[in-house]
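# Per-entry structural report
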There are 2 protein chains.
Amino acid sequence: MKSEHIPAPAVQRLSLYLRELEAIRDSGSQTVSSRRLGEFLGLTDAQVRKDLAYFGHFGHPGVGYEVGDLIARIRRILGTDRASNVVLVGAGNLGSALAAYRGFARRGFHLVAVFDNDPAKIGRPLAGLADLVVRPLTDVAAVVREFDVRLAILAVPADAAQQVAESLVAAGVRGLLNFAPVAISVAEDVSVSTVDMAVQLEQLSFRIGAARRASARAI
Amino acid sequence: MKSEHIPAPAVQRLSLYLRELEAIRDSGSQTVSSRRLGEFLGLTDAQVRKDLAYFGHFGHPGVGYEVGDLIARIRRILGTDRASNVVLVGAGNLGSALAAYRGFARRGFHLVAVFDNDPAKIGRPLAGLADLVVRPLTDVAAVVREFDVRLAILAVPADAAQQVAESLVAAGVRGLLNFAPVAISVAEDVSVSTVDMAVQLEQLSFRIGAARRASARAI
DNA sequence: TAATGTGAACTTCTTCACAGCC
DNA sequence: GGCTGTGAAGAAGTTCACATTA
């Protein structure tokens, strides 16, 4: 297969496979079948095979996939086989929590700087992170260039998000993980992924409401 | 239209429309066209109309949609027209940040309790939130029943997530917003939405890598 | 026997294009 | 003229089922 166009949902699942594979590796398995890999994620074996086949011939008929090999391949595909530098803008509650999160480092992302424009925060280390001193937003361009930063995390208030995004992009950032509850528009060669936690709760609210309505009808 | 089956992506977008509509209302507009509503979200006008039409006849030909009315209708559909009680499990960095986040309350979710099993945290108020005292996990069932809690936020380590999820579900919770980087399996009448921030960064990493590869080919 | 990779069938979602209404 | 609602067409994604390989 190894085609030109790969469905976006397939790429999303690739990350989930990676997470699952790491757990499988830690449990001691050398190989894994498409069925087992999909099981926990609620996916069919065919789906798993199709997804992986978009990227190459990774499996061995009759055997399955070699766990360590597949992890390495997926990391290469995602571009996380080498650590990449990331900056964080916004040293409030959420920003501090994100900076302290170890999951980023474990998956190949190295946080090199934190920015904020609050004079009370600038110059101080983030709570519990002695090596990360908050820097003023005016330093963004210099840091992005110095550390060849391509990804940034936005944890600023909604009304500041668009402007901060623009300065990051101007400095050379190519991907933004936005936690502000607002849509951000940037040049189309820049990727933005917005995580709006209230939206997630609303979706759950709808789904449990729909379930209740459905069961009410069934009675 | 007002059909039985509604595409999941349409429901997702409903939340985004709501967010956008609130901004439009605050900017003073009384009505909005499908084109304008979709513009910022990168959606076509047809998509917006189709999505809204799944739920009823909300618009006025020649005029558009009445902003306040549409907000009220979408809130009803999502089940957020009345505040619903939510609990949070995990009072670490992320949990504390989530508890302090005002966006939940603004969108109709009321955080009634925070749980943790760390004795050093139990009995103390969350940083900056005097009214939220951390309670032991053993209180979950009682609180869920007392406040008729249907939604819970999980901000616990990955290796605890499944177990905590099970106790929440046993207590009567019907929807889980999971921030632990692990798939959770529960009865199928319970909804789970997992937000894995490292996965989001990986997706961005892939997209900017793919863009680079594409431009390299183009040269 | 066990499991992959993949065309073909099927299902789901999106876009088009236009009748109808303000 | 402006704009919605929607059937029909088209595109995208998923599942099936089987040839193939270990």
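Our subject is the structure that appears above.
What this report covers is the structure whose coordinates are included nearby. Keep in mind that what you see is a predicted model, and the values were worked out from it rather than measured. All residue numbers here refer to positions counted from 1 along the written sequence of the relevant chain. Chain letters start at A and ligand numbers start at 1, both assigned in the order the entries are written. Residues qualify for local features only when their pLDDT is at least 70, as the model is predicted, and side-chain atom pairs are given and counted only at 80 or more; totals for whole chains, interfaces and linings, by contrast, use all residues. Water and hydrogen atoms play no part in the side-chain values, which are based on all heavy atoms of the structure.

This part is about the environment of Ser84 of chain A. Secondary structure is summarised from DSSP: a helix means a run of H or I of at least four residues, a strand means a run of E of at least two, and numbering begins at the N terminus for each. Relative to the helices and strands, Ser84 of chain A is located in strand 4 (residues 84-89). For this analysis, residues touch if any pair of their heavy atoms sits within 4.5 Å. Setting aside its immediate chain neighbours within four residues, Ser84 of chain A contacts Gly108, Phe109, His110 and Leu151 of chain A.

A few words now on the protein's contact with DNA strand D. Being near a molecule or strand, for a residue, comes down to having at least one heavy atom within 4 Å of it. The local shell around DNA strand D holds 27 residues, among which Arg13 of chain A together with Ser34, Arg49, Gly59 and Tyr65 of chain B are the closest. Here a polar contact is recorded for every N or O atom pair within 3.5 Å, except that within protein the pair must consist of a potential hydrogen donor and a potential acceptor, and residues adjacent in sequence are included only if both atoms are side-chain atoms. Note that a phosphate oxygen of DNA strand D is positioned 2.7 Å from one of the side-chain N or O atoms of Tyr65 of chain B. Of all elements in the fold, only helix 1 (8-26) and helix 3 (45-53) of chain A together with helix 3 (45-53), strand 2 (59-60) and strand 3 (64-66) of chain B reach the threshold of two or more residues within the surface near DNA strand D. Broken down by element, the surface near DNA strand D gets its largest block of residues, four residues, from helix 3 of chain A. As a working rule, the residues Ala, Val, Leu, Ile, Met, Phe, Trp, Tyr, Cys and Pro are called nonpolar, Asp, Glu, Lys and Arg charged, and the rest polar, with Gly in that last group. Among the residues forming the surface near DNA strand D, the class breakdown is 12 nonpolar, 10 polar and five charged.

The subject of this paragraph is the packing of helix 5 (residues 93-100) of chain A against helix 5 (residues 93-100) of chain B. Geometry is summarised by axes, namely lines fitted to C-alpha atoms with helices restricted to the contacting stretch, and by angles between N-to-C directions that run from 0 to 180 degrees. One way to put it is that helix 5 of chain A packs onto helix 5 of chain B with a least axis distance of 8 Å and a crossing angle of 165°. Relative to helix 5 of chain B, helix 5 of chain A is oriented roughly antiparallel. As for the relative orientation of helix 5 of chain A and helix 5 of chain B, their crossing is left-handed in sense. Counting all contacts with helix 5 of chain A, which are made through Asn93, Leu94, Ala97 and Ala100 of chain A, the residues of helix 5 of chain B involved are Asn93, Leu94, Ala97 and Ala100 of chain B. Split by residue class, the contact of helix 5 of chain A with helix 5 of chain B holds six nonpolar, two polar and no charged. Angles below 35 degrees are treated as roughly parallel, those above 145 as roughly antiparallel, those between 65 and 115 as roughly perpendicular, and all remaining angles as oblique. Helix crossings get a hand from a simple test, with the near helix turned counterclockwise from the far one by less than a right angle marking a left-handed crossing and a clockwise turn marking a right-handed one.

This part covers the sheet that holds strand 2 (residues 59-60) of chain A. All names here are of chain A. Strand pairing requires that DSSP identify at least two bridges connecting the strands. The strand order across the open sheet built from three strands is 1-3-2, with neighbouring strands paired in antiparallel fashion. Each edge of the sheet is formed by a strand with only one pairing partner; in this case those strands are strand 1 (31-32) and strand 2. The pairing of strand 1 with strand 3 (residues 64-66) spans two bridges and is classified as antiparallel. Each residue of the ladder has a partner; that of Val32, found in strand 3, is Tyr65. Sheet strands touched by helix 4 (residues 67-78): strand 1 and strand 3. Its angle to strand 3, the strand with the most contacts, is close to 75°.

Another aspect to go through is the relation of the copies chain A and chain B. When chain A is fitted onto chain B, the two copies agree to an RMSD of 0.1 Å after a turn of 180° and an axial shift of 0.0 Å. The relationship between the two copies is best expressed as a two-fold rotation axis. Closest approach to the rotation axis among the C-alpha atoms of chain A is made by Ala97 of chain A, whose C-alpha sits 3.2 Å away. Both copies contact each other with a shared surface, as 100% of the interface residues of chain A are interface residues in chain B too. Overlaid copies result from least-squares superposition on C-alpha atoms, with residues included only where pLDDT is at least 70 in both.

The next thing to look at is the interface of chain A and chain B. Contacts between the two partners involve 56 residues from chain A and, on the opposite side, 56 residues from chain B. Every case where a carboxyl oxygen of Asp or Glu lies within 4 Å of a side-chain nitrogen of Lys or Arg is listed as a salt bridge. One can count four salt bridges joining chain A with chain B. Across the pair Arg107 of chain A and Glu202 of chain B runs a salt bridge, and its minimum N-O distance is 2.9 Å. Of all the secondary structure elements, the ones that give two or more residues to the side of chain A that touches chain B are helix 1, helix 4, helix 5, helix 6 (103-106), strand 8 (151-154), strand 9 (175-178), strand 10 (191-194) and helix 9 (197-218) of chain A. When grouped by side-chain class, the residues that make up the side of chain A that touches chain B number 32 nonpolar, 13 polar and 11 charged.

Turning our eyes to something else, we now look at the protein's contact with DNA strand C. Taken together, 27 residues form the shell around DNA strand C, and within it Ser34, Arg49 and Tyr65 of chain A together with Arg13 and Pro61 of chain B come nearest. Near the protein, within 4 Å, the atoms of DNA strand C are sugar or phosphate in 64% of cases. In the environment of DNA strand C, a phosphate oxygen lies 2.9 Å from a nitrogen or oxygen atom belonging to the backbone of Gly59 of chain A. Arg49 of chain B places a side-chain nitrogen or oxygen 3.5 Å from a base nitrogen of DNA strand C. For the surface near DNA strand C, the secondary-structure elements that each account for two or more residues are helix 3, strand 2 and strand 3 of chain A together with helix 1 (8-26) and helix 3 of chain B. With four residues, the top contributor of residues to the surface near DNA strand C is helix 3 of chain B. Tallied by class, residues from the surface near DNA strand C come to 12 nonpolar, 10 polar and five charged.

Residue and element names in this part refer to chain A. The full count for this structure, using the stated rule, is 24 salt bridges over all chains. One salt bridge connects Arg49 with Asp45, and the closest N-O pair in it is separated by 3.4 Å. You can see Arg49 and its partner Asp45 sitting in helix 3, four residues apart, about one turn around the helix.

Attention shifts here to the sheet that holds strand 9 of chain A. All names here are of chain A. The strand order across the open sheet built from seven strands is 6-7-5-4-8-9-10, with neighbouring strands paired in mixed fashion. For this open sheet the edge positions go to strand 6 (125-126) and strand 10, each flanked by a neighbour on one side alone. On top of the sheet, helix 8 (residues 158-171) reaches strand 4, strand 8 and strand 9; it is set at about 165° to strand 8, its chief contact.

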